[in-house]
Amino acid sequence: MPALAGAAAAQHAAAVGLIQRVEGAYGDAGERVRREIAQGAALAGGALTHWYGLPHASGPDELLTALTDSLATLLRSAAATADERVAEAGRQDPAARAGLAPSDARGAAERIGVAVRHWRRCAEELAEEEARARIAECGGNCVPEEIAALLAASLLGGRRARKAGEKLAETLGAHAALRLGDRGGRLLDGCVTRVMRAERDRSLAPLDALDMSPEHQVELIAALSVLQKER
């Protein structure tokens, strides 16, 4: 019985250590994406071309689509790095492999794609809401598609897209633009958080199913105490 209790304690300690490593990997991945967003890493390649081409050579939908794709790329890259850190933990500790789900790059890409498209729809809804609220003041300048594209550029473009915020302020008014930016920023941060949390939970699902809790050791010690009293 003491040996079983000790083994249960060691098992729980190993599970806690594994959980901490996985949470650390995906937590770091989320912070990496936030830093890259702040630096304007999403406004590159096709997104940057569409930004420079707006509004004559490119349309707002093209810019928003390119920015959405760039965000998905940042998230996939960060998640893949976290996956590799988790896999390395499994290679170093054979026992950990039983508690971790194998890497799933294709599935992660699909899940991230769904999450980012949801973020885009929510950003478009915010833009439509603001456009309706400001239609009397800005008239024909309150085009939801343009507001959504400018919002995404201001959130994802860093210093390169400083003019996006200025254009929003010209179109909606400074107060409304600030309010929209705050709501959009919370929406974006929530998207990053949900993506990394979902990938973390997927990785830990086998461990959760094993139900390694400290209660097992407590129950064994209690049982041992009863046996000793009977003796």
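Quick caveat, the model's predicted, so the values are computed rather than measured.

Conventions we followed
- Residues numbered from 1 in each chain as written.
- Predicted model: local features only at pLDDT ≥ 70, side-chain atom pairs only at ≥ 80, totals over all residues.
- Heavy atoms only, no water.
- Helix = DSSP H or I, 4+ residues; strand = E, 2+ residues; numbered from the N terminus.
- Core = buried A, V, L, I, M, F, W, Y, C linked by side-chain atoms within 4.5 Å.
- Buried < 20%, exposed > 50% of the residue type's maximum accessible area, 1.4 Å probe, protein only.
- Axes fitted to C-alpha atoms, helices over the stretch in contact; angles between N-to-C directions.
- Parallel < 35°, antiparallel > 145°, perpendicular 65-115°, else oblique.
- Left-handed = near helix turned anticlockwise from the far one by under 90°.
- Contact = heavy atoms within 4.5 Å.
- Nonpolar A, V, L, I, M, F, W, Y, C, P; charged D, E, K, R; others polar.

**Observations concerning unusual backbone geometry**
Across the chain, the bulk of peptide bonds are trans and the bulk of non-glycine residues have phi less than zero.
Then, number 1: Pro 55 follows Leu 54 through a cis peptide bond whose omega is 5°.
Then, number 2: Turning to its location among the elements, Pro 55 is positioned in the loop between helix 2 (46-53) and helix 3 (60-92).

**Some thoughts on the nonpolar core**
Then, number 1: Among the nonpolar cores identified, the biggest contains 59 residues, and Trp 51, Leu 75 and Met 196 are the most heavily contacted of them.
Then, number 2: If you list the elements that add at least two residues to this core, you get helix 1 (2-38), helix 2, helix 3, helix 5 (105-133), helix 7 (144-156), helix 8 (162-172) and helix 9 (174-210).
Then, number 3: Sort the elements by how many residues they give to this core and helix 3 lands first, with twelve residues.

**Focus: the packing of helix 5 against helix 7**
Helix-helix packing is described using two parameters, namely the angle between the two axes and the distance between the axes.
Then, number 1: Relative orientation of the contacting elements helix 5 and helix 7 amounts to 125°, with a least axis distance of 8 Å. When the axes of helix 5 and helix 7 are compared, the pair comes out oblique. Crossing of helix 5 against helix 7: the hand is right-handed. The segment helix 5 lies against helix 7, with Trp 119, Ala 123, Glu 124, Ala 127, Glu 128 and Ala 131 engaging Pro 144, Ile 147, Ala 148, Leu 151, Ala 152 and Leu 156.
Then, number 2: Along the lines of polarity and charge, the residues of the contact of helix 5 with helix 7 split into ten nonpolar, no polar and two charged.

**Structural notes on the packing of helix 1 against helix 9**
Then, number 1: Closest axis-to-axis distance for the helix 1/helix 9 pair is 10 Å, and the angle between their directions is 155°. In terms of axis orientation, helix 1 runs roughly antiparallel to helix 9. Helix 9 is crossed by helix 1, and the crossing has right-handed handedness. Of the residues in helix 9, those in contact with Ala 15, Leu 18, Ile 19, Val 22, Glu 23, Tyr 26, Ala 29, Gly 30, Val 33, Arg 34 and Ile 37 of helix 1 are Leu 188, Asp 189, Val 192, Thr 193, Met 196, Glu 199, Arg 200, Arg 202, Ser 203, Leu 204 and Leu 207.
Then, number 2: Of the residues that constitute the contact of helix 1 with helix 9, the class distribution is 13 nonpolar, three polar and six charged.

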